[in-house]
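If you want the building blocks of each chain, they are given just below.
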Amino acid sequence: MPAPKLLVPADDLRSFTTALFIAAGLGAEHAAVTADVLTWASLRGVDSHGASRVPRYLELLDSGEANRAPSLSFTSTTAAVAVLDADRAPGPVALSAAADEAVARARTSGAGIVGVRQTVHTGAIGYYTSTIAARGLIGIAFVAGMPNMAYPGVKGAAVATSPLSIAVPAPGHAPALLDMATAGIALGKIAQFRNAGKELPPGTAATADGVPTTDPNLAKLPLPLGGVKGAGMSLVFELLTSVLVGAPILSSFHSDDPQGRVHRQNALILALDPAAFGSSSDFGPAVGATLDTLKSLARADEDTEIRYPGENSAAVAESRAAKGIPVAAKVWSELQVAAEKLGVPQPTGSLKP
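As the structure is a prediction and not an experimental result, all values here were calculated from the model.

Colleague: Looking at this model, I keep getting lost on the overall build of the protein chain. Mind explaining?
Modeller: Along its length, the protein chain carries 11 helices and 11 strands. For 353 residues, the compact-globule estimate of 2.2 N^0.38 gives 20 Å, and the protein chain sits close to it at 20 Å. With respect to the principal axes defined by its C-alpha atoms, the protein chain has extents near 55 × 55 × 45 Å. Out of the 353 residues belonging to the protein chain, those deemed buried represent 48%. For the protein chain, long-range pairs separated by at least 24 residues make up 66% of all intrachain contacts whose partners lie at least 6 apart in sequence. Of the roughly 16000 Å² of accessible surface on the protein chain, 58% is carried by carbon and sulfur atoms. Of note, the protein chain has its 27 positive side-chain charges centred 3 Å away from the centre of its 30 negative side-chain charges.

Right under this line is the structure:
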């Protein structure tokens, strides 16, 4: 039997987690954006990157791995490109600032590209590309993190479950939103299977020694999506982010330097203005026509709806915004413990079992 869940209104979850982060030492603005990123993931059904991550973020702040008061600084030598030194800011803080900067540069240069170095856990990166798409631009993001995934032929963790997201505005439709990791399953998802007492899908995870397993209690490493394809993508994302901004993670992690094991992530965020490629007035309708064409194709199974990337999660968000966000009892209990420790009032009146 699945573990019981509570239905929590999105606004209540957002304000509750904001209060937790403020009590943990984040400034009000940074706390609000961090809570918004996590709530966005919960709304869209990406529960592995939503409310369940709040306790981990509190741990990062408490341990000092995440900087409570980071000094974000941009450097730039060209009109379209900048590098953000995040000073170990929580990922939502750093990547939101990077997305804003990329949009501002794209408005004047047609493209805005921002490399981010030294941030901490970026969360669901579809959030940042979605905010770019909401402003009429195309958003693209890559992230590289600490090695926690297998690589063909290597024993143990070799590369990271580095994600990719692309968001394309589609007037009259939910944006086309590709948001994927280079792993067959996320580490947070493995924890969800473990908490639910369910077996993992075959071919998605391995033990610490790299032996494939479906037992979530034994699973320590995600396996690359598509084998060599996902592994290769992860390696290239490390080159496009960490190495590009002068903050290598992979080579440092596998060296003898103990600082190489200190948790950190890097990212690359791009904003593209369709107007720089031709008529911006034609682009939106053409995107909509493309999506409509896809959805109108003959179905292989009449009972299965054809959907484009991001359409399903947008529908989930609409439903959860109306009915509430399901939060696992175990996660809610952890949030309650954190609230008691930090002296934060808990929302109770609007919760539904």
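Now, onward.
Colleague: Looking at this model, I keep getting lost on the pattern of salt bridges. Mind explaining?
Modeller: Any two side chains of opposite charge can pair if their charged atoms end up close together. Scanning the entire structure with this criterion turns up 11 salt bridges. Residues Asp11 and Arg14 are paired through a salt bridge, measuring 2.9 Å at the closest nitrogen-oxygen approach. A residue pair is termed a helical-turn pair when its members lie 3 or 4 positions apart in one helix, as Asp11 and Arg14 do in helix α1 (residues 10–23) at three residues. Exposure remark for Asp11: the relative accessible area of 57% places this residue in the exposed category. Asp36 is the partner of Arg14 in a salt bridge, and the nearest nitrogen-oxygen pair spans 2.9 Å. Placement of the pair is Arg14 in helix α1 and Asp36 in helix α2 (residues 28–43), with a sequence separation of 22 residues. Look at Asp36 and you get partly exposed, because its relative accessible area is 22%.

Colleague: Would you mind going over the sheet that holds strand β4 (residues 111–120) with me for this structure?
Modeller: Think of a sheet as strands paired side by side through backbone hydrogen bonds, with each pair either parallel or antiparallel. In spatial order, the strands read β2-β3-β4-β10-β5-β6-β7; together these seven strands make up an open sheet with mixed pairing. In this open sheet, the two edge strands, each paired with only one partner strand, are β2 (73–75) and β7 (176–181). Ignoring strand direction, the axes of neighbouring strands in this sheet form an average angle of 15°. In the sheet, strand β5 (residues 138–144) pairs with strand β10 (residues 265–272) via seven bridges, with the strands oriented antiparallel. Looking across to β10, one finds that Val143 is bridged to Ala267. In this fold helix α5 (residues 126–133) packs onto β5, β6 (163–168), β7 and β10, with an angle of close to 20° to the strand it touches most, β6.

Colleague: Is there a simple way to think about unusual backbone geometry in this case?
Modeller: Comment: phi is negative for the bulk of residues other than glycine, and the bulk of peptide bonds are trans. Residues other than glycine seldom take positive phi values, yet Gln118 does so here, at roughly 65°. Relative to the assigned elements, Gln118 resides in strand β4. Even without being glycine, His121 reaches a positive phi, approximately 45°. Residue placement: His121 occurs in the loop between β4 and α5. Residue His121 is classed as buried on the basis of its relative accessible area of 12%.

Each value, and the rule that gives it
- Residues numbered from 1 in each chain as written.
- Predicted model: local features only at pLDDT ≥ 70, side-chain atom pairs only at ≥ 80, totals over all residues.
- Heavy atoms only, no water.
- Helix = DSSP H or I, 4+ residues; strand = E, 2+ residues; numbered from the N terminus.
- Rg over C-alpha atoms; globule rule 2.2 N^0.38 Å.
- Buried < 20%, exposed > 50% of the residue type's maximum accessible area, 1.4 Å probe, protein only.
- Contact = heavy atoms within 4.5 Å.
- Areas by Shrake-Rupley, 256 points an atom, 1.4 Å probe, with all protein chains shown as cover.
- Lys, Arg positive; Asp, Glu negative; His and termini not counted.
- Charge placed at Lys NZ, Arg CZ, Asp CG, Glu CD.
- Salt bridge = Lys/Arg side-chain N within 4 Å of Asp/Glu carboxyl O.
- Pairing = 2+ DSSP bridges.
- Axes fitted to C-alpha atoms, helices over the stretch in contact; angles between N-to-C directions.

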